[in-house]
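Residue-level structure breakdown
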Protein chains: 2
Amino acid sequence: MQSGMLSPSRLGAVAQRAKSVFVPLLSLLLVCSSIAAFAQDALPSWNDTASKQQIVTFVKKVTTQGSADFVPPEQRIAVFDNDGTLWAEQPIYFQFFFVIDQLKAQAPQHPEWKTTEPFKSALAGDFKGVAASGEKGIAQLLAATHAGMTTDEFSRNVNQWVSTARHPKTQRVFTEMVYQPMLELLHYLRDNGFKTYIVSGGGQDFMRAWAQATYGIPPEQVIGSQGDLKFEMRDGKPVLVKQAKVALVDDGPGKPVGIERFLGVKPIFAFGNSDGDQQMLEWTMSGDGARFAGLVHHTDAAREWAYDRQSSIGKLDKALDEATAKGWTVVDMKKDWKQIFPPQK
Amino acid sequence: MQSGMLSPSRLGAVAQRAKSVFVPLLSLLLVCSSIAAFAQDALPSWNDTASKQQIVTFVKKVTTQGSADFVPPEQRIAVFDNDGTLWAEQPIYFQFFFVIDQLKAQAPQHPEWKTTEPFKSALAGDFKGVAASGEKGIAQLLAATHAGMTTDEFSRNVNQWVSTARHPKTQRVFTEMVYQPMLELLHYLRDNGFKTYIVSGGGQDFMRAWAQATYGIPPEQVIGSQGDLKFEMRDGKPVLVKQAKVALVDDGPGKPVGIERFLGVKPIFAFGNSDGDQQMLEWTMSGDGARFAGLVHHTDAAREWAYDRQSSIGKLDKALDEATAKGWTVVDMKKDWKQIFPPQK
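Procedures and definitions
- Residues numbered from 1 in each chain as written.
- Chains lettered and ligands numbered in written order.
- Predicted model: local features only at pLDDT ≥ 70, side-chain atom pairs only at ≥ 80, totals over all residues.
- Heavy atoms only, no water.
- Helix = DSSP H or I, 4+ residues; strand = E, 2+ residues; numbered from the N terminus.
- Buried < 20%, exposed > 50% of the residue type's maximum accessible area, 1.4 Å probe, protein only.
- Contact = heavy atoms within 4.5 Å.
- Areas by Shrake-Rupley, 256 points an atom, 1.4 Å probe, with all protein chains shown as cover.
- Axes fitted to C-alpha atoms, helices over the stretch in contact; angles between N-to-C directions.
- Parallel < 35°, antiparallel > 145°, perpendicular 65-115°, else oblique.
- Left-handed = near helix turned anticlockwise from the far one by under 90°.
- Nonpolar A, V, L, I, M, F, W, Y, C, P; charged D, E, K, R; others polar.
- Phe/Tyr/Trp six-rings, centres within 6.5 Å; stacked < 30°, edge-to-face > 60°.
- Lys NZ or Arg CZ within 6 Å of the ring centre and 35° of its normal.
- Pairing = 2+ DSSP bridges.
- Expected span 1.5 Å × (residues − 1).
- Polar contact = N/O pair within 3.5 Å; in protein donor to acceptor, adjacent residues only side chain to side chain.
- Core = buried A, V, L, I, M, F, W, Y, C linked by side-chain atoms within 4.5 Å.
- Salt bridge = Lys/Arg side-chain N within 4 Å of Asp/Glu carboxyl O.
- Arc of directions from axis to C-beta.

**Some words on the overall build of chain A**
- If you tally the helices and strands in chain A, you get 13 helices and eight strands.
- A total of 345 residues make up chain A; the buried ones form 52% of that total.
- In chain A, the share of contacts with a sequence separation of at least 24, taken over all contacts with a separation of at least 6, comes to 65%.
- Accessible area of chain A: about 15900 Å², with a carbon and sulfur share of 55%.

As structure tokens, this is what we get:
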């Protein structure tokens, strides 16, 4: 045999080694090309209207190396309101259904609730009656259902509820009343190196119980309204007991406060749907470089609900004017979204 | 040529392709083995005593796939106290030197401070005089130096101070009074898939200004004591103004509260140095599976300071008893650390 040639057996060994390397590499290439193919239609539930184009254009420019608008991955922070932005919020914030169900479960131990407001109205599902009790009444309901138990006990309550309770109109479990186009947007941003956060007026502990499974957002990226906690020893084991005293109302001007407190950096991408998100969007847009602000406008009475300036839940008035004046993206649910909710499981 | 054999030219092509694959693979292997070599001495400033062995044993068992103690990366949360654990804290918490320097800069506008406590004592560097003014006095000093400005203005103040101010004993800038062995520990944990957090009684905004450059810990992983923030529009631009009202005292039982509020999950690794860290360590150790609790015991009067049960700063008494009783790791600074501070730049 000439030198420089290999025997069939050695050749076989080389081929085997080459194969053992090439096959995984080839699989990797296939995976990469499917990622690329996926990226071309990462938002399949969005119609090809201006909203989708504005999102894709923004993401491309901040992720393109060498672009004047390039933003390094560690600064790609995206914040999302929850109620009305990631999941529906009609006829009333879903957390309120949780409150009612918790009250019903506790009612046998509280016969006085039958005749005492705001409990009487809440147990009857009379939202107007509850609203009439004002902030004080709502605080009483929250104290009865969101305080006095440990954080672990509360999470168990929420998990049990969220896996069984159903929306009165659609009969879906509430975690299936999330918006399919927004789920795709969350994935699309994360695939492009963004870190996605929830910044919501809803209860932080309430959302954390199901945000990972529903949105792929881990607990430390869920910022919400929160009560005080008290460290206690119970049977020699430390617990944290939820207190009725409010520590942060993460709504309106409280949203930039929550963002600063938790993150210490300004997001570059924010999505909301109501006047309660206006300051979060202003805060996001006030930094240097490329920035994105979006609003979900509920325009689809047939497939979801249609409401804005006059609604008591998710009122969208001043923020809509500001979005129009400043050229922020306003998603028209009816025109921009092919599909509202994901397929039922 | 026999079938099954390749011509020299095709063989050359195969060899070339194999080389093009093997060379990068080989480089990768070399890199991996240098990582492995590095991992064997990832803690070069630690003597080979029990403390180092306990740390390395813990990290190996929670990162070894198939081990009964394996912990997936997303649950590898490590929390560190700052004062006395990551950097020194004598003769007084370093943030207090910042307070004094800020007061001195403002003193010309406040002639009344010359005769009013606690300002008079603070300006004279009389810590005992300040301590005599109690919690109320300290709150007044914090209000004068940590409130009334925007978050951006405050960060600029801290950055300017931290790059110029020097420790009265060592004449080092304060960010060079961090513990070299603890810097190595932070890196070692991150190299092993841990996320490292600061959980300190010190000011959150104060630490965030320099934690990234000093410890490689980004702002959102710095949890500390914090005041309220107020959202305001100034010249049409949103700002957050620091308020004197305290929102969280992240010390003692406040540490598990801060951890839960920010993370929503229990850490598996915690390091502190004083009774103010006791509840954080208890909280960390109360979960299931493998867990690590460590204390830095200041035993080195020659190279640093020696203090514990009787000290007014960084008192280590009850936590030391609990650590001994429960077999937590207690680092003896004098015996366990080859070097205290990093080389001066």
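That covers the picture; the talk isn't over yet.
**A word on the packing of helix 2 (residues 50–63) of chain B against helix 8 (residues 180–191) of chain B**
All names here are of chain B.
- One can describe the packing of helix 2 onto helix 8 by two numbers: an axis separation of 11 Å at closest approach and a directional angle of 15°. With respect to helix 8, the axis of helix 2 lies roughly parallel. In this structure, helix 2 meets helix 8 at a crossing whose hand is right-handed. Across from I55, V56 and V59 in helix 2, the residues of helix 8 making contact are L185, Y188 and L189.
- Taken together, the residues of the contact of helix 2 with helix 8 break down into six nonpolar, no polar and no charged.

**Overview of the packing of aromatic side chains**
Residue and element names in this part refer to chain A.
- Considering all chains together, one arrives at 53 aromatic pairs over all chains under this definition.
- Centroid distance W161 to F174: 5.0 Å. Interplanar angle 15°. Geometry classified as stacked. Of the two residues, W161 sits in helix 7 (residues 151–164) while F174 sits in the loop between helix 7 and helix 8 (180–191), which places them 13 residues apart along the sequence.
- Residue W161 is classed as buried on the basis of its relative accessible area, which comes to 5%.
- Residue classification places F174 among the buried positions, given a relative accessible area of 0%.
- Three or more aromatic residues joined by ring pairs form one cluster here, namely W87, F94, F96, F97, F98, F127, F154, W161, F174, F206, W210 and Y215.
- Lying across the ring of F154, K242 places its NZ or CZ 4.4 Å from the centre.

**Description of the pairing of strand 4 (residues 237–248) of chain A**
Residues and elements named next belong to chain A.
- When strand 3 (residues 222–234) meets strand 4, the two strands line up antiparallel, connected through eight bridges. Paired with G227 across the bridge in strand 4 is V246.
- Between strand 3 and the antiparallel strand that follows it, strand 4, lie two residues; D235 among them carries a positive phi value of about 50°.

**Topic: helix 8 of chain B**
Residue and element names in this part refer to chain B.
- The first and last C-alpha atoms of helix 8 sit 17 Å apart over twelve residues, in line with the 16 Å expected at 1.5 Å per residue.
- The buried count for helix 8 comes to nine of twelve residues, which makes it a mostly enclosed element.
- Burial in helix 8 covers these residues: Q180, P181, M182, L183, E184, L185, L186, Y188 and L189.
- Looking one or two residues past helix 8, G193 carries a phi angle of roughly 85°, positive in sign.

**What to know about the environment of T299 of chain B**
Residue and element names in this part refer to chain B.
- Along the chain, T299 turns up in the loop between strand 6 (292–297) and helix 12 (318–326).
- Classification of T299 by relative accessible area gives partly exposed; the value is 22%.
- In the structure, T299 is positioned 236 residues away from T63 in sequence and 32 Å away in space, judged by C-alpha atoms.
- Not counting chain neighbours up to four residues away, the residues in contact with T299 comprise W305, A306, D332, M333 and K334.
- A distance of 3.2 Å separates a polar side-chain atom of T299 from the backbone nitrogen of M333.

**Considerations on the side chain of S51 of chain A**
Residues and elements named next belong to chain A.
- Mapped onto the elements, S51 comes out in helix 2 (residues 50–63).
- For S51, a relative accessible area of 4% translates into the label buried.
- Within the structure, S51 has its side chain in polar contact with the backbone oxygen of V330 (distance 3.5 Å).
- One polar contact links S51 to D336, side chain to side chain, over a distance of 2.7 Å.
- Not counting residues up to four positions away in its chain, the partners in contact with S51 are W46, T329, V330, V331 and D336.

**Side note on the nonpolar core**
- Ranked by size, the top nonpolar core spans 66 residues in total, and within it F80, M182, L185, Y215, F269 and F271 of chain B carry the most contacts.
- Take this core: its biggest share by element is seven residues, from helix 3 (residues 94–106) of chain B.

**Examining the pattern of salt bridges**
All names here are of chain A.
- Per the counting criterion, the structure on display carries 30 salt bridges over all chains.
- Across the pair E232 and R234 runs a salt bridge, and its minimum N-O distance is 3.3 Å.
- Residue E232 is classed as partly exposed on the basis of its relative accessible area of 23%.
- A network of salt bridges, in which partner residues are shared, links D41, D48 and K52.

**Digging into the pairing of strand 3 (residues 222–234) of chain B**
- Relative to strand 3 of chain B, strand 2 (residues 195–203) of chain B is paired through three bridges, and the arrangement is parallel. Counted as the bridge partner of I198 of chain B is V222 of chain B from strand 3 of chain B.

**Digging into the sheet that holds strand 5 (residues 269–272) of chain B**
All names here are of chain B.
- If you walk across this open sheet you meet the seven strands as 4-3-2-1-5-6-7, and the pairing is mixed. Each edge of the sheet is formed by a strand with only one pairing partner; in this case those strands are strand 4 (237–248) and strand 7 (329–332). The average undirected angle you get between the axes of adjacent strands in this sheet is 30°.

**A few points about helix 2 of chain A**
Residue and element names in this part refer to chain A.
- If you check helix 2, its first and last C-alpha atoms are 20 Å apart, about what 14 residues at 1.5 Å a residue would give, namely 20 Å.
- Within the sequence span of helix 2, burial applies to S51, K52, I55, F58, V59 and V62. With its buried residues spanning 135° around the axis, helix 2 presents them on a single face.

By themselves these figures say nothing about function.
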